[in-house]
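# Examining the three-dimensional arrangement
These are the residues of each chain, in order.
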Amino acid sequence: MKFGTSGLRGLSVDLKGRASALYATAFGKYLLQTGKAEVGDTVLIGRDFRDSSPDISGNCAGALAALGFRVIDCGNVPTPALALYGLEINAACLMVTGSHIPADRNGIKFYRPDGEIDKSDEAAITAWAAEIDRTGEAVAEAPAETENHEAICRQLFFERNTALLPQGALSGLKIGVYQHSTVARDLLVDVLAHYGAEITALGRSESFIPVDTEAVSEETIALMKRWTSDHKFDAIVSTDGDGDRPLVADETGTPLRGDLLGLVSANFLGAGTVVTPVTSNSGIDAAGSFAVKRTRVGSPFVIAGMEEAVAAGADHVMGFEANGGMLTATPFNINGRAVRALPTRDCFIPILAILSLAASRRQPLSAVAASYRLPFAAADRLENFPVETSAALMEYLRASDENLVAFLQPVGEPATKSDIDGLRVTLKDDRIIHFRPSGNAPEMRCYVEAGSETAALDLLKTGLREITDWADARQHVTNKLFSRNPPMTQKIVPVIMAGGKGTRLWPLSRATAPKQFIQFVGDKTLFQATLERVSNPEIYEAPIVVTNEEFRFLVAEQARALAVPLAAVLLEPVARNTAAAVAAAATLAVDLFGKNTIIQMLASDHEILADESYFDCIRIARDAAADGKLVTFGISPTEPATGYGYIEIGDALKNGAHKVVRFVEKPALEKAERMLADGGFYWNSGIFMFPVTELIAELQEHAPDVLKAASKAVSKASRDLDFTRLDADHFAKSPDISIDYAIMEKTSKAAVVPSPFKWSDMGSWDAVWKSGARDGNGNVAAANTTVVNTRNSLVMTHGVHLAVQGMEDVAVIASEDAVYVGPLKDSQNVGQLVKMLASSSGTAKFTETHPTSYRPWGGYTSIFNGDRFQVKRIFVTPGKKLSLQKHHHRSEHWVVVKGTAEVTVGDSVRMLRENESVYIPLGEVHRLANPGKILLELIEVQTGSYLGEDDIIRIVDEFGRT
């Protein structure tokens, strides 16, 4: 637990129980020790709508009651309402809220009887908590009996806000109130309606939705734009979770910046001194008749700045943050009434100030905003950004002007800088870029200003990319620094080929789900087994995976499931065999790891026993590559196979590898038998080890067109989420040839490592049978099968139970929708059978997709297809969400069978649990999300005139799909 820019924050699971009771006890002891409260005094407790808030407020109430305080429960009320009630009755307060941060986190805000605590108070409370923890003092966690004053607290805040404007001041305005899960949702409707506005409540949710008013999500903006279009609103208003930060969108659904709302509020109040953080718009200083004092980000710093101004004799002192939350340090006379100071963030005055200005001017909000002529500003954040990386970046930028200039080289030339909070740089062309780690969560924030919206957004995008690139580069350097390899060795960069189409292991392998991503035996796919072989940090760097558009989310999800980090995922726009793929990966590896990198090229669909002999071969190959050799691995042959190429080995080299005499194409049986009899021939495994400098030089000499096309495709590549998308025009110009043909069969630097480890390219059902664990009758039988009087056969099923009787030397393979039966010895010819199936419109679908299809958020299984209806099983990974979408031709009915679903239908957001259902009308905007910790499963029934997957109109999609 620690204090951030707005109270104590932490994960909900960590905060519940002793932790919250500990800090409540520390707060109570601090109040008693400093004389700010006495035993028997009142402490108010409020909370937001998070699932964890009742438990935490109960723990706090129990701890404070045990110290002798009178605890009053104010229920689900806005933070400023709680603070106002505390000031009114001279009572300390606790507000249990995580504001806008994700729902798995929460926090506590503390208030003295005279207002919000400051940084010195935070330090004292932290010290008390540490002392209680050190001594092992017991703290009371069990909830205590409390009085309920929620209605009193709400009424006091309502009366304050209904006396600020003349009666009917908002008449004629049509306003949407986005209620989501904010505790201010009902009060906001009541106050606006009091002034005569026509109100429509929108998007009320029974589950917590983290709405950040400072960095409004694309999803929220899309909702507001749709609502303003559908309802012709003059404005949409909302707040964050605890009701202290305003969100105001104009008549187009575009959010207004919080610092603009603060500026309008300052003019509305007639402020003499305004205190605001350095992140607020620079144009504010010249936009009013008040003095401006800048501070660090966070209400405690704004409060401290206001107190300093009051102590210096200033009057009419107010403050606001860039998120729009407004504070007052002195009383103000508004609408002929004295309004007491409220030195904590309040969202109601900013909302009322901007709406009343638009109403009095009879102007749309967009025109009101434009009239202030502030520089265009934008802000965004990198979520789940390690705190230590943020600290390292700020240390690097502050270390020297040279570092700052180098970092900002793609952005612009710095003119001046300020490090009041983070680092705010004014460029020589007057644009501003500001880097700042969040004080509440593992996030890195970037704020920018420019002369136009386009310029601001471009600057923001570039700034975030520079942060990401610097962090990635630092991670690679860190990996190298912590390598435990001997000084004269180096780690290998794995390059995993994961493209291709699935035909030879049909029906389990399909075009959209080839064999590397299928779980044949064991608990991992072949691709995952490949990742595991290169996961030893003493030998390998993080891998580069080369795949295509179709498989990118399969790659990412299967790597995530093993917690294996990837250096990059290269997306091939067209298939161009292995030469272009290796050339592109080598070019990228130089950029990521340096020109002295050694790469290992591996297929993702091979089965390999990674025993001691395997890693001995890897080390031999690495040493040979370090000597400038282009190394391949030769597998010791066990039979005269005709499906593999062969390598004839020559003299031994000093490091244990051998020279290559020649490569032999796949031979006829007679030739294969002769080579085995002669000895000195090995199967060509298709595994290589290359020093990239020599590899690039050999490509330049023997396949210059491949190198040129691949290197250009990398230099022009674009970033798409976590993927690197190779430039299509340049990559397509590469010759469609293998790396063997491009250089290995031509170079004088080829070497081979004789490799005794167990290896199979898993290229046929016969190979699967040979690699499997056979029973006493020679059968390899998967689970969910019954095998009787059968010998030397392979029996596998992914779906129905499979019973086989009286067979010998056969493969019987059942998928969810197709069955293959054939002699094992003929299984090399399955590819020809697949071609026949693909050539017919009636059977082509069996070669393309499975009934189960995988998506970045999970996937679905087709259960039944009928006339104008179909039934699917939908499964959604924890924490994932589908796109916000609609359909032109179908309606849907969802029934949850496992887990918890967060369902958006039109303006409504609700939670569904097991056995609960919802109907999605045709054309209605909707979304499905899994906010829980277990897999969400539901049954979907679609009805309509057209049920194809292309009838999806995506409005917002976090995976970048259209």
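Everything quoted here is computed from the prediction, not taken from an experiment. (Residues numbered from 1 in each chain as written. Predicted model: local features only at pLDDT ≥ 70, side-chain atom pairs only at ≥ 80, totals over all residues. Heavy atoms only, no water.)

Looking now at the pairing of strand 20 (residues 414-418). Inspection of the sheet shows strand 20 paired to strand 21 (residues 423-427) by four bridges, in the antiparallel sense. Following the sheet pairing, Thr 416 is matched in strand 21 by Thr 426. Count of turn residues in the strand 20/strand 21 antiparallel hairpin: four residues, of which Gly 422 carries a positive phi of about 75°. (Pairing = 2+ DSSP bridges. Helix = DSSP H or I, 4+ residues; strand = E, 2+ residues; numbered from the N terminus.)

A separate point is the domain arrangement of the protein chain. Here the protein chain is partitioned into domain 1 (2-153), domain 2 (164-374), domain 3 (375-382 + 411-487), domain 4 (492-761), domain 5 (765-832) and domain 6 (851-956). Summarising the inter-unit geometry, the C-alpha centres of domain 1 and domain 4 are found 59 Å apart. (Domains from an automatic or database assignment.)

The next subject is the sheet that holds strand 50 (residues 917-920). The strand order 43-44-45-52-47-50 describes an open sheet built from six strands, whose pairing is antiparallel. Two strands close off the open sheet at either side, each with one partner strand: strand 43 (852-855) and strand 50. Pairwise comparison of adjacent strand axes, ignoring direction, gives a mean angle of 20° for this sheet. As paired elements, strand 43 and strand 44 (residues 858-866) share four bridges and run antiparallel to each other. Bridge pairing in strand 44 places Arg 855 opposite Gly 858. (Axes fitted to C-alpha atoms, helices over the stretch in contact; angles between N-to-C directions.)

Membership of the largest hydrophobic core comes to 67 residues, with the highest contact counts inside it found for Leu 170, Leu 192, Val 237, Met 318, Ile 354 and Leu 355. Of the residues forming this core, the biggest block, 10 residues, is contributed by helix 11 (residues 348-361). When residues are assigned to domains, this core turns out to be shared by domain 1 (2-153) and domain 2 (164-374), each giving three or more. What Ile 354 contacts, discounting residues up to four positions off in sequence, is Val 248, Leu 256, Leu 261, Val 264, Leu 365 and Val 368. (Core = buried A, V, L, I, M, F, W, Y, C linked by side-chain atoms within 4.5 Å. Buried < 20%, exposed > 50% of the residue type's maximum accessible area, 1.4 Å probe, protein only. Contact = heavy atoms within 4.5 Å.)

What follows deals with helix 16 (residues 526-533). A large share of helix 16 lies buried, amounting to six of its eight residues. Regarding helix 16, the residues found buried are Leu 526, Phe 527, Gln 528, Thr 530, Leu 531 and Arg 533. Those residues of helix 16 hidden inside the fold are in contact with strand 24 (492-497), strand 25 (544-548), helix 17 (552-562), strand 27 (598-603), strand 28 (607-608) and helix 19 (612-626).

In a beta sheet, neighbouring strands pair by backbone hydrogen bonds and run either parallel or antiparallel. With mixed pairing, four strands are arranged side by side in an open sheet as 37-39-41-42. Across the chains shown, the open sheet's two edge strands, defined by having one partner strand only, are strand 37 (780-781) and strand 42 (819-823). Looking at chain direction, strand 39 (residues 794-797) and strand 41 (residues 810-814) are connected through four bridges and run parallel. The residue bridging Leu 794 from the neighbouring strand is Ala 811, located in strand 41.

Before going further, it helps to spend a moment on the pattern of salt bridges. Taken as a whole and judged by the stated rule, the model has 47 salt bridges. Across the pair Lys 417 and Asp 401 runs a salt bridge whose closest N-O atoms are separated by 3.0 Å. Within this pair, whereas Lys 417 is found in strand 20, its partner Asp 401 is found in helix 14 (residues 401-407), the two being separated by 16 residues in sequence. Through salt bridges that share partners, Asp 212, Asp 240, Arg 245, Arg 381, Glu 443 and Arg 445 make up one connected network. (Salt bridge = Lys/Arg side-chain N within 4 Å of Asp/Glu carboxyl O.)

Its place among the elements puts Arg 226 in helix 8 (residues 218-231). The contact partners of Arg 226, leaving out residues within four places of it in the chain, are Gly 906, Asp 907, Glu 924 and Val 925.

On to the packing of helix 18 (residues 577-593) against helix 22 (residues 704-715). Between two packed helices, what matters for the description is the angle formed by their axes and the separation of those axes. The contact between helix 18 and helix 22 brings their axes to 8 Å, and the two run at 50°. With respect to helix 22, the axis of helix 18 lies oblique. Where helix 18 crosses over helix 22, the handedness of that crossing is right-handed. Only Val 706, Ala 710, Ser 711 and Val 714 of helix 22 make contact with helix 18, whose side of the interface consists of Ala 579, Ala 580, Ala 583, Ala 584, Thr 587, Leu 588 and Asp 591. When the residues that make up the contact of helix 18 with helix 22 are grouped by side-chain class, the tally is eight nonpolar, two polar and one charged. (Parallel < 35°, antiparallel > 145°, perpendicular 65-115°, else oblique. Left-handed = near helix turned anticlockwise from the far one by under 90°. Nonpolar A, V, L, I, M, F, W, Y, C, P; charged D, E, K, R; others polar.)

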